[in-house]
Amino acid sequence: MISAGIDIGSITAKCVILQGDKILAYSILRVKPNLEESAREIFEKTLELAGLSKEEVDSIVATGYGRGRVDFANKKITEISCHAIGSHFLIPDVGTVIDIGGQDSKVIAVENGKVLDFVMNDKCAAGTGRFIEVMANALGLKIEQIGELALRATERLKISSTCTVFAESEVVSYLSAGKKVEEIIAGVCDAIAGRLIAMASRVGIRREVVLTGGVAKNLGVRRAIEEKIGFGVKVPPEPQIVGALGAAVLGSG
Amino acid sequence: MKVGYLCTFTPKEIIYSAGFQPFRVFATERPIELASAYIQSYSCSQARGALECALKDDFYAFVFTRCCDTLMRLTDIFEFAGKRVYNIEFPTKIGNVEYYLRELKDFVEVLRDWGGEVSFESLVESLKLYRELEEGLKQLFSVFPDYETAIKVQQIDVKDAIKLVDEKLKSAKKEKESPKVLITGSVCPYPKIYDLFREAGFSIKDDLCTGSRFFEYIYPTFEPEDLEGALRFIAEKYFYKSPCPTKHYESDRRFEYVIKLAEDCDAVVFLLVKFCEPHFFDYPQLKSELEKMGKKVALIELEFPVVSTEQIRTRIEALREVIL
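Residues numbered from 1 in each chain as written. Chains lettered and ligands numbered in written order. Predicted model: local features only at pLDDT ≥ 70, side-chain atom pairs only at ≥ 80, totals over all residues.

Enquirer: Explain the domain arrangement of chain A here, please?
Expert: Many descriptions give the size of an interface as the accessible area lost when the pieces come together. Residue and element names in this part refer to chain A. The assigned domain composition of chain A is domain 1 (1-91 + 240-253) and domain 2 (94-235). Summarising the inter-unit geometry, the C-alpha centres of domain 1 and domain 2 are found 26 Å apart. Tallying the contact residues gives 14 residues for domain 1 and 20 residues for domain 2. Tallying contributions element by element places helix α2 (residues 79-90) first for the side of domain 1 that touches domain 2, with seven residues. Taken together, the residues of the side of domain 1 that touches domain 2 sort by class into six nonpolar, eight polar and no charged. (Domains from an automatic or database assignment. Contact = placed C-beta atoms within 7 Å. Helix = DSSP H or I, 4+ residues; strand = E, 2+ residues; numbered from the N terminus. Nonpolar A, V, L, I, M, F, W, Y, C, P; charged D, E, K, R; others polar.)

Okay, structure coming up:
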């Protein structure tokens, strides 16, 4: 059986095509304002990578905040369930999923792939990829540079504001005071980790902790989370596709 | 003439019997603009939205009853903004009927000063009409919890409200029984939020000020024989209405009430207005009690006016998937 999972997030669209327990292909694209078009585009691109036609796919499951706009999907399932299943598929002993997306973040308590509890932050940019994006802009950096730079810091400055706008002012103020960029960045990563761990404490942190979403690629955030929880976290090879993978797994029955 | 009120503990029967139109003030779909000149953005959006209404719409006066700290201080802000306001000191600790009876007698005098005469006959008639409305709503909710109607009846003449509930009852179709969610919280004057639960496949039961807490009472058993008797009837009626976290009760009446409601539900959603202190203070302990019963619990925070519903939809659908 061949199944496809399509995850329409706030910033990127992801698609995974799965046959049994083998990922045949996946792709990631930036979403367009027209979510239907983004869904069709990502699906067609992934089909092409897998060398398949639409007719060869037995089931399509949509997830993500734009799931309702994927009109050709057979089923729509929330990203909460899909991240839990996708993480369990890759790392079977997962106990907690921390998903850090572009405009929201969520912590999911999982047991054998089943969601026990969850908490989401979607009203505020703190603890999301958007927070890093704003800080990178304030520092004149590319988003990809942030993680590496944070690791180079010998000192970590405190960013005390939860609010992204106020935190940006703190960053600008540190720059005016002549502080090093890597120390500010390390502070930014620490602030995100602090916000996420506060959320995670509401559902309880149980091993193994799996990081998913685009921000999981940021080594600075990963290190800050590990320091706060006191043990290592696991990051799938491509953390951004975990939701789409979970959707494909659920579609495969 | 409209007399605005905010809390379900307000004795609307007395306002109506004096010839005024009691009108429950809620936040609306309008953005909060004028109110920001008087109240901080970290106050709950029901208080801010109600002030916005008071500043934009036409009311003769406003009646407050002591409940949460924010609404109490809102009384001062309404006065500061030049509104005609009266505050009834509803006892925070439920029990002393004699004290509250004196408060109600003072209120009758205030209404007289406003040009409204309360007689024994008019008050008994008002009590009868509101009881008919409350029992009608109870019947309607036992078939289909219709929040749009429950909200609307609080803003129209009670006689029209009774007719509306009767009409709705005739066409109401029984909601399927399972899976059932208990929604607990203060106010949610946006019917579209309840639709999200139904669209996710839930049937609904509630413990909300915009739902069953408006019409769930244990009525006194005596028949009033004079005006004082009728006021005593009202005092006792409101002492034994569905409990609210802004009040202190003998024993644990509030928790026992919510736990009892949750018994036949598969999940409980705390639908809380951001910065609603009384509900948030109860949340951790109540959540833990409900989880001990094996209920799945979720917290959804609202800010009025509710503009973005998709994030709320995700939380509700995820909860539905969790209990599958």
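Enquirer: So what exactly am I meant to see when it comes to the interface of chain B and chain A here?
Expert: At the interface, eight residues of chain B touch nine residues of chain A. Each residue belonging to the side of chain B that touches chain A can be placed in one class, and the counts come to two nonpolar, two polar and four charged.

Enquirer: Can you help me understand the pairing of strand β4 (residues 85-88) of chain B in this one?
Expert: As a general feature of sheets, a regular strand has side chains that alternate between the two faces. The sheet contact formed by strand β3 (residues 61-65) of chain B and β4(B) spans four bridges and is parallel. Considered in β4(B), the bridge of Val63(B) is made with Tyr86(B). (Pairing = 2+ DSSP bridges.)

Enquirer: In this structure, what is going on with the nonpolar core? I would like to understand it.
Expert: Note on soluble globular proteins: their nonpolar side chains tend to be buried together. Core analysis: the largest hydrophobic core is formed by 175 residues, its most contacted members being Ile6(A), Ala248(A) and Val181(B). Every residue in contact with Val181(B), bar those within four places of it in the chain, is listed here: Phe197(B), Phe202(B), Ile204(B), Cys265(B), Asp266(B), Ala267(B), Val268(B) and Val269(B). (Core = buried A, V, L, I, M, F, W, Y, C linked by C-beta atoms within 7 Å. Buried ≥ 20, exposed ≤ 12 C-beta atoms within 10 Å, placed from the backbone.)

Enquirer: Got a minute to help me understand unusual backbone geometry in this structure?
Expert: Generally, phi is negative for residues other than glycine and the peptide bonds are trans, each holding for most cases. Cis rather than trans, the peptide bond between Arg207(A) and Glu208(A) has omega equal to -10°. Along the chain, the position of Glu208(A) falls in the loop between α6 (181-203) and β9 (209-212). Across the junction of Phe304(B) and Pro305(B), the peptide omega takes the value -10°, indicating a cis bond. With respect to the helices and strands, Pro305(B) occurs in the loop between β8 (296-302) and α12 (310-323). For Asn112(A), which is not a glycine, the phi torsion comes out positive at approximately 50°. Among the secondary structure elements, Asn112(A) is positioned in the loop between β7 (105-111) and β8 (114-121). In this model, Ser251(B) sits at a positive phi of 60°, which is unusual for a non-glycine residue.

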